[in-house]
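# Coordinate analysis (summary)
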Amino acid sequence: MGGMETTHSADHGIQAGWIWLNGTWLPQEEAKVSVLSHALHYGSSAFEGIRAYETPSGPAVFRLGDHLKRLAGSAKILRMELPVSLEVLSEVACEVVRRNGYRSCYIRPLLFRGAHSLGVNPLPVPTELMVAAWNWGAYLGEGATSGIKAVTSSWIRSPGHVLPTKSKAGGNYVNSSLAKADAVSAGFDEAILLDAEGYVAEGSGENVFFVRQGRLHAIAHSVTLIGITRDTVLWLAGQLGVPVEVVMATRDELYLADEVFVAGTAAEVTPLVSLDFRPIGDGKVGPVTQALRAAYLDLVRGRRQAPQGWLTHV
Ligand code: PPE
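Presented here is a report on the structure given in the accompanying data block. (Residues numbered from 1 in each chain as written. Predicted model: local features only at pLDDT ≥ 70, side-chain atom pairs only at ≥ 80, totals over all residues. Heavy atoms only, no water.)

## A look at the layout of surface pockets
Here the largest pocket is characterised by a volume of approximately 670 Å³. For the largest pocket, the lining is made up of 40 residues, of which Tyr-139, Lys-168, Tyr-173, Ser-204 and Gly-205 are closest to its centre. Residue assignment for the lining of the largest pocket shows that the elements contributing at least two residues are helix H2 (64–77), strand E6 (105–113), helix H5 (173–185), strand E10 (200–203), helix H6 (228–240) and strand E14 (259–264). Looking at the lining of the largest pocket, its residues break down into 13 nonpolar, 19 polar and 8 charged. Counted as a void, the second largest pocket has a volume near 540 Å³. Around the second largest pocket, the lining comprises 22 residues; the ones closest to its centre are Ala-31, Val-33, Arg-108, Leu-110 and Met-130. Sorting the residues of the lining of the second largest pocket by element identifies strand E1 (18–21), helix H1 (38–42), E6 and strand E7 (127–134) as the ones contributing at least two each. Residue composition of the lining of the second largest pocket, by class: 16 nonpolar, 4 polar and 2 charged. (1 Å grid on protein atoms, 1.4 Å probe; cavity = no way out; pocket = protein on both sides within 12 Å on 5 of 7 lines; lining within 4 Å. Points joined across faces, edges and corners; volume = space filled by probe spheres on them. Helix = DSSP H or I, 4+ residues; strand = E, 2+ residues; numbered from the N terminus. Nonpolar A, V, L, I, M, F, W, Y, C, P; charged D, E, K, R; others polar.)

See the structure below:
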C-alpha cells in the first residue's frame with residue numbers, strides 16, 4: 001500500500017478489433033466519433049457490460065437478454081431511442097464475439113448522443129449505438145481470488161433525485177470514477193460508496209454482499225444499480241441452500257460481518273479481506289463467498305445447470 005501507482009487493478013488497455021458502429025463493422029482505428037458529440041460534453045450515454053465465457057459447447061454470452069433489457073430501461077429513463085431492436089442488438093452482440101474470434105470476452109454496447117447540436121437539451125440529438133468487445137481479465141486484479149482491500153469513499157452515491165442510478169448512464173460514472181481514483185491513490189483496490197443517509201450503497205462498479213452467521217445479506221436497491229450478477233448470486237444462494245436477507249446496512253455492519261464480497265459482471269464475485277483497515281472476519285476468504293464464487297464461475301462457463309435463457313451460444 002502507499003504510493004500513487006499502487007493498485008492491484010489490471011491495466012485495461014483496450015484491444016477491441018472489429019467494432020459495430022451504427023450498423024457498420026469497422027476496425028477499431030476507424031470506429032470514431034466527433035469531438036462535438038453531445039455525450040462527450042454532457043455524459044449523455046448509456047452502456048452495458050456483458051461477459052461471454054468459454055463453455056463445453058463453445059462461447060456463450062451470459063444473461064444477454066437481461067443486459068439488453070436493462071439497456072432499453074436506461075434508454076427509457078434517459079429519453080433516448082434505441083436505433084435498432086433488441087433482437088438486432090442481440091445478434092450484433094453475438095457477432096462481435098464471433099467476428100473477433102474470442103472464446104471469452106467482455107462486451108460493451110454503448111448508446112450515445114452524437115454530434116448534431118450542442119447545448120444541454122439532449123432531445124434534438126439523435127442517439128447512436130456502438131458495440132465493442134475485448135479481453136478483460138480479473139477486473140480487480142489477483143484479489144479476485146485472494147481478496148481485495150476496500151475503503152469507504154468520502155464520495156456519496158448520487159441520490160435518486162440527483163442522478164438516475166437505475167440507469168447505466170455514462171454521466172453516473174463520474175461519481176464512481178471519483179471514488180475509484182481516490183481509493184486506488186490511497187493504496188486500496190476498490191471504493192465502497194455510502195448513500196446520502198449513510199447506508200452502504202455499492203462499490204464503484206459492483207453490488208455489495210455480506211455474510212453473518214451463515215446468512216447471506218444483499219444490500220437493498222435504494223440508490224444502486226440493479227445488478228444482474230447480484231440477481232445471479234441470490235439465485236445461486238437458493239440453489240446452495242444459503243439463507244438470504246435483503247437489508248439496509250451501515251458501514252460498521254460490514255466491519256462485523258464474517259465475510260464481505262462484491263459482485264458485478266466485470267468483477268464477478270470478488271471477496272473483500274479488509275475494509276477501512278479492519279480485517280473482514282479472520283482476514284481470509286470465507287467459505288460462503290468461496291462457494292458462491294465457485295458456483296458462479298461454473299454457472300457462467302456452462303458447468304452448472306442454468307435457468308432457461310441465461311446462456312446464449314454465439
Ligand atoms: N453497480 C455499479 C455501479 C456497476 O457499475 C455495476 C456493473 C454493478 C453494480 C453490477 O451490475 P451487473 O454487472 O449487472 O452485475 N459495472 C460494470 C462496469 C464496470 C466498468 O468498470 O466499466 C460491469 O461490471 O460490467
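## Thoughts on the site of the ligand
By nearness alone, 22 residues border the ligand, and Tyr-106, Tyr-139, Tyr-173, Thr-229 and Thr-265 come closest of all. Within the side chain of Thr-265, an N or O atom sits 2.6 Å from an oxygen atom of the ligand. Taking Ala-266, its main chain carries an N or O atom lying 2.9 Å from an oxygen atom of the ligand. Notes on the ligand: free accessible area 550 Å², of which the protein chains cover 94%. A molecule is said to occupy a pocket when more than half its atoms come within 2 Å of that pocket's grid points, and by this definition the ligand occupies the largest pocket. Residue classes in the shell around the ligand are distributed as 8 nonpolar, 8 polar and 6 charged. (Near = heavy atom within 4 Å. Polar contact = N/O pair within 3.5 Å; in protein donor to acceptor, adjacent residues only side chain to side chain. Areas by Shrake-Rupley, 256 points an atom, 1.4 Å probe, with all protein chains shown as cover. Sits in = over half its atoms within 2 Å of the grid points.)

## Observations regarding empty space enclosed by the protein
This structure, assessed with the given rule, holds 2 cavities of 30 Å³ or more. Looking at the lining of the largest cavity, the elements with two or more residues in it are strand E4 (50–55) and H6. The residue makeup of the lining of the largest cavity, split by class, is 4 nonpolar, 3 polar and 1 charged. Size it by volume and the second largest cavity reaches roughly 30 Å³. What lines the second largest cavity is simply Glu-259, Val-260, Pro-271, Leu-272, Ile-280, Lys-284, Val-285, Gly-286 and Thr-289. Of all the secondary-structure elements, those providing two or more residues to the lining of the second largest cavity are E14 and strand E15 (268–275). For the lining of the second largest cavity, the class distribution of residues is 5 nonpolar, 2 polar and 2 charged.

## Section: unusual backbone geometry
The residue Arg-63 is not glycine, and still its phi comes out positive at about 50 degrees. Here Arg-63 is to be found in the loop between strand E5 (58–62) and H2. Residue classification places Arg-63 among the buried positions, given a relative accessible area of 6%. The residue Glu-268 is not glycine, and still its phi comes out positive at about 55 degrees. The residue Glu-268 is located in strand E15 in this model. (Buried < 20%, exposed > 50% of the residue type's maximum accessible area, 1.4 Å probe, protein only.)

## Quick look at the side chain of Glu-95
Mapped onto the secondary structure, Glu-95 falls in helix H3 (residues 86–99). Accessibility expressed as a relative area gives 18% for Glu-95, which makes it buried. Polar contacts involving the side chain of Glu-95 include one to the side chain of Arg-98, which spans 2.9 Å.

## A few points about the pairing of E6
Where burial is concerned, most of E6 is hidden: 8 out of the 9 residues are buried. In terms of strand pairing, strand E3 (residues 45–47) meets E6 through 3 bridges, oriented antiparallel. Note that in E6 the partner of Phe-47 across the bridge is Leu-110. In the sheet, E4 pairs with E6 via 3 bridges, with the strands oriented antiparallel. Bridge pairing links Ala-52 to Cys-105 in E6. Strand direction decides the pairing type here: E6 and E7, joined by 8 bridges, are antiparallel. Residue pairing across strands places Pro-109 opposite Val-131, the latter belonging to E7. (Pairing = 2+ DSSP bridges.)

## Some remarks on the side chain of His-38
Following the sequence through the fold, His-38 ends up in helix H1. Residue classification places His-38 among the buried positions, given a relative accessible area of 1%. Within the structure, His-38 has its side chain in polar contact with the backbone oxygen of Gly-119 (distance 2.9 Å). Look past the residues within four positions of His-38 in its chain and what remains in contact with it is Gly-43, Ser-44, Arg-113, Gly-114, Ser-117, Leu-118, Gly-119, Val-120, Asn-121, Pro-122 and Val-125. (Contact = heavy atoms within 4.5 Å.)

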